[in-house]
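# A structural walkthrough
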Amino acid sequence: MASVMNAAVLNKPLDIEVKQVTIPKPKKDEALVKVYCIGVCGSDVHYYEHGKIGRYKVKEPLILGHELAGEVVEIGDDVSHISVGDRVAVEPGVTCGRCNYCKSGRYNLCTDVVFMATPPVDGAWAEYITIRSDFLFKIPDEMSYEEGALLEPLSVGIHAMQRGKASMADRLFVSGLGPIGLLAIQAAKMFGITEIFASDVVPFRRELAKELGVTAVFDPIQEDINELISTLTEQKGVNLVVETSGNSKAISDTIKIVDRGGRIVLIGLPTSDSIPLDINQLIDGEIDVYGVFRYANTYPIAIQSLSNSKVNIEKIITHKYSLNDIKEAVELARTEKNTSVKVMIYP
């Protein structure tokens, strides 16, 4: 096997190029994975455009990308549950396993997490990656590598459903129809929810949500969502709201949209630190509000559920590029939000 590989390196904002870098060697508890496909996430685009997200700043050249699937090509001496040749989905955040959060099963809150493509940790827009083997999950032969890569954003949707105590009795409203919003809809279906309403300002994304089988879609700028939901549900309303856009007004409006006694799940990160919320209505309506940070223990659920359902998550893939065309791919994801949802890269 060669000693070098191609990887897409972000030198500085808006400056990305494919370079030859050394293929990493797996440690005793790690595996080397050949990357078959990897998605472009909103966070990748944000680092590419601005060089930072919140407290995480790109100070040195960085490889981005964290939504991936591939094939195990080498394993460390202590690895037993994964073999060379296994097709795997990769969970990209390696946690310490020792802190209170990890011990209690909420390892997504681990403060010592090493998460791919979060500075200074390199990601996986490359031909090969190494990762601790317990963060690799075998995918069945009938599951495509594309589906394997999409398990990462789907996991956010599954975690949102778990946080919001979703059940088949719920009527759901999803705000924002980017990849996370669309996959939250698919996750909701896996939880048995059949009445799903959604909104987005982009017509293309509303149409895609319709193709995924939502009950109705709305334009939040042009339409009164409250009134329409009330009419369509015979005044019952929705008792679960999932907000994925991060838009400040959309976050404020969740309290107006959800029914009394309902639940709000917030995924989208707003650009402003403070957002006005009607606390009187929150208290008076006994509304539960949940935050979502990534996911925990979702990959086995996602693999099992997808293997036994008719849910199609690949429908959100709108564009495919080779790693050599990474600049074009990221520029498309950055500037063509009206026509693109998930861009997939093939190293």
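Attention in this report is confined to the structure presented alongside it.

Cut-offs used in this document
Residues numbered from 1 in each chain as written. Predicted model: local features only at pLDDT ≥ 70, side-chain atom pairs only at ≥ 80, totals over all residues. Heavy atoms only, no water. Helix = DSSP H or I, 4+ residues; strand = E, 2+ residues; numbered from the N terminus. Rg over C-alpha atoms; globule rule 2.2 N^0.38 Å. Buried < 20%, exposed > 50% of the residue type's maximum accessible area, 1.4 Å probe, protein only. Areas by Shrake-Rupley, 256 points an atom, 1.4 Å probe, with all protein chains shown as cover. Lys, Arg positive; Asp, Glu negative; His and termini not counted. Charge placed at Lys NZ, Arg CZ, Asp CG, Glu CD. Salt bridge = Lys/Arg side-chain N within 4 Å of Asp/Glu carboxyl O. Pairing = 2+ DSSP bridges. Polar contact = N/O pair within 3.5 Å; in protein donor to acceptor, adjacent residues only side chain to side chain. Contact = heavy atoms within 4.5 Å. Axes fitted to C-alpha atoms, helices over the stretch in contact; angles between N-to-C directions. Parallel < 35°, antiparallel > 145°, perpendicular 65-115°, else oblique. Left-handed = near helix turned anticlockwise from the far one by under 90°. Nonpolar A, V, L, I, M, F, W, Y, C, P; charged D, E, K, R; others polar. Arc of directions from axis to C-beta.

### Regarding the overall build of the chain
Helices and strands together make up the secondary structure of the chain, namely ten helices and 20 strands. A compact globule built from 347 residues would reach a C-alpha radius of gyration of about 20 Å, and the chain, at 20 Å, matches this within 12%. Taking the principal axes of its C-alpha atoms as reference, the chain extends roughly 65 × 40 × 35 Å. In the chain, which comprises 347 residues, the share counted as buried stands at 52%. For the chain, the exposed area adds up to about 16,100 Å²; of that, 49% sits on carbon and sulfur atoms. For the chain, the distance from the average site of its 36 positive side-chain charges to the average site of its 46 negative ones is 3 Å.

### Structural notes on the pattern of salt bridges
Summed over the entire model, instances satisfying the criterion amount to 17 salt bridges. Between Asp 253 and Lys 256 there is a salt bridge, with the nearest N and O atoms lying 3.4 Å from each other. A residue pair is termed a helical-turn pair when its members lie 3 or 4 positions apart in one helix, as Asp 253 and Lys 256 do in helix 7 (residues 248-257) at three residues. A residue is classified by how much of its surface remains accessible, and Asp 253, at 15% relative accessible area, is buried. For Lys 256, a relative accessible area of 49% corresponds to the partly exposed category. Between Asp 284 and Arg 260 there is a salt bridge, with the nearest N and O atoms lying 2.9 Å from each other. Here the residue Asp 284 occupies a position in helix 8 (residues 279-284), and Arg 260 occupies one in strand 17 (residues 258-266), the gap between them amounting to 24 residues. The same class applies to Asp 284 as to Arg 260, namely exposed. What you see here is one network of salt bridges that share partners, running through Glu 49, Glu 331 and Arg 334.

### Considering the sheet that holds strand 2 (residues 15-22)
In space, the three strands of this open sheet follow the order 2-1-6, with antiparallel pairing throughout. Two strands in the sheet have a free side with no partner beyond their single neighbour: strand 2 and strand 6 (62-63). Where strand 1 (residues 4-12) meets strand 6, two bridges bridge the pair, whose relative direction is antiparallel. Looking across to strand 6, one finds that Val 9 is bridged to Ile 63.

### Remarks on the side chain of Asp 86
Mapped onto the elements of the fold, Asp 86 is located in the loop between strand 7 (67-75) and strand 8 (87-90). Here Ser 83 takes part through its backbone nitrogen, which lies 2.7 Å from a polar atom of the side chain of Asp 86. Residues in contact with Asp 86, not counting those within four places in the same chain, are Gly 70, Glu 71, Val 72 and Lys 138.

### Quick notes on the packing of helix 3 (residues 145-163) against helix 4 (residues 179-190)
When two helices pack together, their arrangement is captured by the angle between the axes and the distance separating the axes. Taken N-terminus to C-terminus, the directions of helix 3 and helix 4 make an angle of 60°; their axes are 8 Å apart at the nearest point. The pairing of helix 3 with helix 4 is recorded here as oblique in orientation. Crossing of helix 3 over helix 4 shows right-handed handedness. Contacts from Leu 150, Pro 153, Leu 154, Val 156, Gly 157, Ile 158 and Met 161 of helix 3 reach helix 4 at Ile 180, Leu 183, Ala 184, Ala 187, Ala 188 and Met 190. Per-class residue counts for the contact of helix 3 with helix 4 are twelve nonpolar, one polar and no charged.

### Digging into helix 5 (residues 203-211)
In an α-helix, one turn spans 3.6 residues, which is why side chains three or four residues apart end up on the same side. Inspection of helix 5 places Arg 205, Arg 206, Leu 208 and Ala 209 among the buried residues, and these make up the whole buried set. All buried residues of helix 5 project into a common sector of 160° when viewed along the axis, lining one side. Against the buried residues of helix 5 lie helix 4 and strand 15 (216-218). Gly 213 lies just past helix 5 and shows a positive phi near 95°.

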